[in-house]
Amino acid sequence: MQAPHWLALFGLILVGWGLLYAMALPPDALELSRIYGADFWRSLCIVAPDQAGFAGLFAMWAVMSAAMMAPTALPSFATYDDLIASGAGTRQGFVQLVTGYLAVWLGFAAIAAVGQLLLFRAGLLSPLGQSISPWLTGALLIGAGAYQFTALKDTCLSKCRQPMTFFMQYWRATRWNAAALGVRLGALCLGCCWALMLLGFVGGVMNLAFMGLATLIMIFEKLPDLGRHLTRPLGWALIAGGIWALFPGG
């Protein structure tokens, strides 16, 4: 994994987490940013919907989606790299694969940004994107927990956990085959993780600890040996958390 395409991918992930860290900084922590350009760093920290607008929220969700979801697809990217070594794939195809994959998550980022704007204007989210409604919190947790038991979740996870089988099933001898594979892989990943990603509205979309934990959970869930022991217990835990959020004194 020392080839240029891998270095570029890991660089993208590191830059994404670096930008998320900058966005999560409180305004009073930016005094030292005068050295590097205060206006630039302050602009990154505008994540409140009433100030950032759709464009700012979309940029935030796009960076967050890339930083969180690219690591979960590393086994699939590594499998395509094996196909490069065998002569079936190419480095250009690797770039197409990653681009197609991230394009799907850009679409998710747009939908999530619109959702955050609407929920904020309805008085259900704080300016930092965290639920202030026990009903919204409970619905998100119970919904994400219930989704863990669905056939769609199982189908998407099974393909993500067997990347070589995925590539053999959908491989086509066309010019844009790798891009199409990337889009399909991104759609499968979206089917696995969209509900867990929306829990950012529970933990706080700018809560780095929550985002890091969520990323690790989604990585582990896609591992064949570990993931099958995680999916359903996680579902029960989320449902229990949702019930507690709805009836904290019950």
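Residues numbered from 1 in each chain as written. Predicted model: local features only at pLDDT ≥ 70, side-chain atom pairs only at ≥ 80, totals over all residues. Heavy atoms only, no water.

Trainee: I keep staring at the packing of helix H1 (residues 4–24) against helix H11 (residues 208–221) and nothing clicks. Help me out?
Mentor: For any two helices packed against each other, one specifies the inter-axial angle together with the distance between the axes. Running from amino to carboxyl end, H1 crosses H11 at an angle of 150 degrees, the nearest separation of the two axes being 11 Å. By the criterion of interaxial angle, the relationship of H1 to H11 is roughly antiparallel. Contacts from Trp 17, Leu 20, Tyr 21 and Ala 24 of H1 reach H11 at Leu 208, Met 211, Gly 212 and Thr 215. Here the contact of H1 with H11 is composed, by residue class, of 6 nonpolar, 2 polar and no charged. (Axes fitted to C-alpha atoms, helices over the stretch in contact; angles between N-to-C directions. Helix = DSSP H or I, 4+ residues; strand = E, 2+ residues; numbered from the N terminus. Parallel < 35°, antiparallel > 145°, perpendicular 65-115°, else oblique. Contact = heavy atoms within 4.5 Å. Nonpolar A, V, L, I, M, F, W, Y, C, P; charged D, E, K, R; others polar.)

Trainee: Please explain the environment of Gly 107 as it appears in this structure.
Mentor: Position of Gly 107 relative to the elements: it lies in helix H5 (residues 91–121). Relative accessible area serves as the criterion here: at 34%, Gly 107 is assigned to the partly exposed category. Each C-alpha atom, one on Gly 107 and one on Trp 61, is 10.0 Å from the other, the two residues being 46 residues apart in sequence. (Buried < 20%, exposed > 50% of the residue type's maximum accessible area, 1.4 Å probe, protein only.)

Trainee: I'm lost on the nonpolar core in this one. Help?
Mentor: A general tendency of soluble globular proteins is for nonpolar side chains to be buried together. By size, the foremost hydrophobic cluster in this structure holds 65 residues, and its most contacted members are Trp 61, Met 69, Phe 77 and Tyr 101. When residues of this core are assigned to their parent elements, the largest contribution, 11 residues, is made by H5. Sequence-distant contacts of Trp 61, that is, excluding residues within four places in its chain, are made with Phe 108, Ala 109, Ala 112, Ala 113, Gln 116, Met 197, Phe 201 and Val 205. (Core = buried A, V, L, I, M, F, W, Y, C linked by side-chain atoms within 4.5 Å.)

Trainee: Looking at this model, I keep getting lost on the layout of surface pockets. Mind explaining?
Mentor: The rolling of a water-molecule-sized probe over the atoms marks out the regions of remaining empty space. Quantified by volume, the second largest pocket comes out at close to 200 Å³. Around the second largest pocket, the lining residues are Gly 107, Phe 108, Ile 111, Ala 112, Gly 115, Leu 119, Leu 140, Leu 190, Trp 194, Leu 198 and Phe 201. Of all elements in the fold, only H5 and helix H9 (177–197) reach the threshold of two or more residues within the lining of the second largest pocket. Among the elements that line the lining of the second largest pocket, the one with the most residues is H5, at 6 residues. (1 Å grid on protein atoms, 1.4 Å probe; cavity = no way out; pocket = protein on both sides within 12 Å on 5 of 7 lines; lining within 4 Å. Points joined across faces, edges and corners; volume = space filled by probe spheres on them.)

Trainee: Honestly, the side chain of Thr 215 in this entry has me stumped. Any pointers?
Mentor: Relative to the assigned elements, Thr 215 resides in helix H11. With relative accessibility at 6%, the residue Thr 215 sits in the buried group. Residues within four places of Thr 215 in sequence aside, it is in contact with Trp 17, Met 68 and Thr 72.

Trainee: Would you mind showing me how to read the packing of aromatic side chains here?
Mentor: The geometry of an aromatic ring pair is captured by the separation of the ring centres together with the interplanar angle, meaning the angle of the planes. The full count for this structure, using the stated rule, is 14 aromatic pairs. Measuring from centroid to centroid gives 5.1 Å for Tyr 147 and Trp 194, while their planes differ by 65 degrees, and the two rings are edge-to-face. Within this pair, whereas Tyr 147 is found in helix H6 (residues 134–147), its partner Trp 194 is found in helix H9, the two being separated by 47 residues in sequence. (Phe/Tyr/Trp six-rings, centres within 6.5 Å; stacked < 30°, edge-to-face > 60°.)

Trainee: What exactly am I supposed to notice about a nonpolar patch on the surface here?
Mentor: Residues Leu 216, Phe 220, Leu 223 and Leu 226 make up a contiguous nonpolar surface patch of about 320 Å² in total accessible area. By the element assignment, Phe 220 lies in helix H11. (Patch = residues over 30% accessible without salt bridge, like charges linked within 9 Å, V, L, I, M, F, W, Y side chains within 5 Å. Areas by Shrake-Rupley, 256 points an atom, 1.4 Å probe, with all protein chains shown as cover. Salt bridge = Lys/Arg side-chain N within 4 Å of Asp/Glu carboxyl O.)

Trainee: In this structure, what is going on with the packing of H6 against helix H13 (residues 231–246)? I would like to understand it.
Mentor: Taken N-terminus to C-terminus, the directions of H6 and H13 make an angle of 165 degrees; their axes are 7 Å apart at the nearest point. Between H6 and H13, the crossing angle belongs to the class labelled roughly antiparallel. Where H6 crosses over H13, the two elements pack in a sense that is left-handed. Along its contact with H6, which presents Pro 134, Trp 135, Thr 137, Gly 138, Leu 141, Ile 142, Ala 144, Gly 145 and Ala 146, the element H13 presents Gly 235, Leu 238, Ile 239, Gly 241, Gly 242, Ile 243, Ala 245 and Leu 246. Looking at the contact of H6 with H13 residue by residue, the class counts come to 11 nonpolar, 6 polar and no charged. (Left-handed = near helix turned anticlockwise from the far one by under 90°.)

Trainee: Help me understand the pattern of salt bridges in this model?
Mentor: Pairing is possible between side chains of opposite charge, provided their charged atoms come close. Across all of its chains, the model carries 2 salt bridges by this definition. Salt-bridge contacts for Glu 221 lead to Lys 153; the nearest nitrogen and oxygen are separated by 3.1 Å. Within this pair, whereas Glu 221 is found in helix H11, its partner Lys 153 is found in helix H7 (residues 151–160), the two being separated by 68 residues in sequence. For Lys 153, a relative accessible area of 0% gives the class buried. Measuring nitrogen to oxygen at the nearest pair gives 3.7 Å for the salt bridge that ties Asp 154 to Arg 232. One end of the pair, Asp 154, is in helix H7; the other, Arg 232, is in helix H13, with 78 residues separating them in the sequence. When its relative accessible area of 34% is taken as the criterion, Asp 154 is described as partly exposed. A residue is classified by how much of its surface remains accessible, and Arg 232, at 41% relative accessible area, is partly exposed.

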